[in-house]
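Listed below are the residues making up each chain.
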Amino acid sequence: MGPDLTELLARARGDLRMGVPVVLHGKDGAVLVAAAETVSEVRLAEVLALGAVDLAITGRRAETLKARAYDGDLARVIVPGRAGLEWVQGIADPSEDLAQPMKGPLASRRDGEAVMHRVAIALCKAARLLPAALVVPVRADYATGQLLTELDAVAAGPLMASLHALGHVVSARVPLRAAENARLHIFRPDDGSDEHYAIEIGRPDRSKPVLARLHSACFTGDLLGSLKCDCGPQLNAALAQMGEQGEGVLLYLQQEGRGIGLANKMRAYALQDQGFDTVEANHRLGFEDDERDFRLGAQILEKLGFSAVRLMTNNPAKIAMMTASGIDVTERVPLKVGLSAHNERYLAVKAEKSGHLL
Ligand SMILES: Nc1nc2c(ncn2[C@@H]2O[C@H](COP(=O)(O)OP(=O)(O)OP(=O)(O)O)[C@@H](O)[C@H]2O)c(=O)[nH]1
Ligand SMILES: [Zn+2]
């Protein structure tokens, strides 16, 4: 009856979001992990009382803070024993970087292993929190009787990176303005993460390449009509084109903010208001430019019976990832709509730095 590793990972994401620490077990012992974003003052004091605490941050965040990242992709910043919540959050959250530039000098740990720290950061990202985690060694039997979620870190890392199976939940007819003969299909990942949707227009022939769009959720663009990006117009134009042609499939993937979540995207927007571009803002937060996993989209297409697409996109990375996932992209259909004075620079940066086709 006990939970398996996938279930424990889902529980750990929920715990970290609420500010509850989790315990990771590795080859050389155990560590307690708390997310920098959600840890409370009381819990921070408890964590500091346990021993030598590291604040694990990504190499991207370390670059901004001029902290040494001896582990390459991450840095283990040594947390001073007297550090308060403000210190921890100042390292994790770049919103005050410009107002308070003097965070250091920060000392980074060089000896020992970073395996647990890497899993801790991956957990924070999966929980859509800032990618920064407090990590402190504890005795292997620490959590006994404490009801804290415990994970095998050695197995959890690869499991998080692997593609989770999506199950088809339900399909139903939803007539749309753009196309009356539309069906919505709901897919649920077996790791307890967000559901993804497919909108099928008409009844496309499965033996031919289908007109397809992989759309990533954008609350601000899709729902609010934000002028900062081109998502809303792209969504509507893609559905309209499918409606005109009488068939197509649009995947609506829950990858808000290129996979960093809406809260982090709003942090990125706040940094953009300070003068950083869309790529720099992600990096200052500690994320890569794009944290999305498009294997998801390939899996949904396959589940719907499609193996070849005419892909509506300006992003060559989407084409490469589809092809690598076994979906044949027979044609790229450009999708250029929604240019405004507010997103001109955003789209130019995507072309310059992320290889988007203009
Ligand atoms: N992190 C971050 N995400 C953003 C920003 N602006 C828009 N987004 C997100 O970017 C994604 C846009 O996705 P898409 O339009 O599917 O992808 P794309 O890579 O632009 O590729 P194509 O539109 O297919 O050419 C959505 O998840 C938005 O929420 C930003 O400034 N920062
Ligand atoms: Zn958008």
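Residues numbered from 1 in each chain as written. Chains lettered and ligands numbered in written order. Predicted model: local features only at pLDDT ≥ 70, side-chain atom pairs only at ≥ 80, totals over all residues. Heavy atoms only, no water.

A. Inspection of the UniProt feature "binding site: GTP" (unreviewed entry) in the chain at higher detail. Those places that UniProt annotates as "binding site: GTP" (unreviewed entry) correspond, in this numbering, to Arg 213, Leu 214, His 215, Ser 216, Ala 217, Gln 234, Glu 256, Gly 257, Arg 258, Thr 278, Thr 313 and Lys 318. Spanning 106 residues, the named residues are also spread out in space, since their farthest C-alpha pair is 22.6 Å apart. The subset of these annotated residues that lines the largest pocket comprises Glu 256. By the secondary structure assignment, Arg 213 is in strand E10 (residues 210-216). Once residues within four sequence positions are removed from consideration, Arg 213 is found in contact with Gln 234, Ala 238, Met 242, Val 249, Leu 250, Leu 251, Met 312, Thr 313, Lys 318 and Leu 335. Separated by 2.9 Å, the side chains of Arg 213 and Gln 234 make a polar contact. Tracing the chain through its elements places Ser 216 in strand E10. Ignoring anything within four residues of it in the chain, the contact list for Ser 216 reads Asp 222, Leu 253, Gln 255, Arg 292 and Phe 294. (UniProt positions renumbered as here; feature names shortened; annotations may be inferred. 1 Å grid on protein atoms, 1.4 Å probe; cavity = no way out; pocket = protein on both sides within 12 Å on 5 of 7 lines; lining within 4 Å. Helix = DSSP H or I, 4+ residues; strand = E, 2+ residues; numbered from the N terminus. Contact = heavy atoms within 4.5 Å. Polar contact = N/O pair within 3.5 Å; in protein donor to acceptor, adjacent residues only side chain to side chain.)

B. Up close: the layout of surface pockets. The volume enclosed by the largest pocket comes to roughly 1,300 Å³. If you go around the largest pocket, you meet 42 residues; those closest to its centre are Lys 125, Ala 126, Arg 128, Met 160 and Glu 291. Listing elements by their share of the lining of the largest pocket, those giving two or more residues are helix H1 (5-18), helix H3 (59-65), helix H5 (115-126), helix H6 (153-161), helix H9 (256-259) and helix H12 (295-303). A total of six residues in the lining of the largest pocket trace back to one element, the largest contributor, which is H5. Residues from two domains meet in the lining of the largest pocket; each of domain 1 (5-159) and domain 2 (166-255 + 292-354) gives at least three. Of the pockets and cavities examined, the second largest pocket occupies roughly 650 Å³. Asp 230, Gln 234, Tyr 346, Leu 347 and Lys 350 are the residues nearest the centre of the second largest pocket, which is lined by 38 residues in total. Of all the secondary-structure elements, those providing two or more residues to the lining of the second largest pocket are E10, helix H8 (231-245), H9, helix H10 (262-273), helix H11 (278-285) and helix H14 (344-353). (Points joined across faces, edges and corners; volume = space filled by probe spheres on them. Domains from an automatic or database assignment.)

C. Structural view of the domain arrangement of the chain. Annotation of the chain at the domain level lists domain 1 (5-159) and domain 2 (166-255 + 292-354). Here the C-alpha centre of domain 2 lies 35 Å away from the C-alpha centre of domain 1. Where domain 1 abuts domain 2, roughly 260 Å² becomes buried across the two surfaces, and 39% of that area is made up of carbon and sulfur atoms. For the domain 1 face of the interface with domain 2, the top three residues by lost area are Thr 6, Arg 13 and Arg 128, together amounting to 92%. At the junction of domain 1 with domain 2, the criterion picks out zero salt bridges. Seen at the junction of domain 1 and domain 2, the total is one residue pair in polar contact (both at pLDDT 80 or more). Classifying every residue of the side of domain 1 that touches domain 2 gives one nonpolar, one polar and two charged. (Buried area = accessible area lost by both parts, 1.4 Å probe. Salt bridge = Lys/Arg side-chain N within 4 Å of Asp/Glu carboxyl O. Nonpolar A, V, L, I, M, F, W, Y, C, P; charged D, E, K, R; others polar.)

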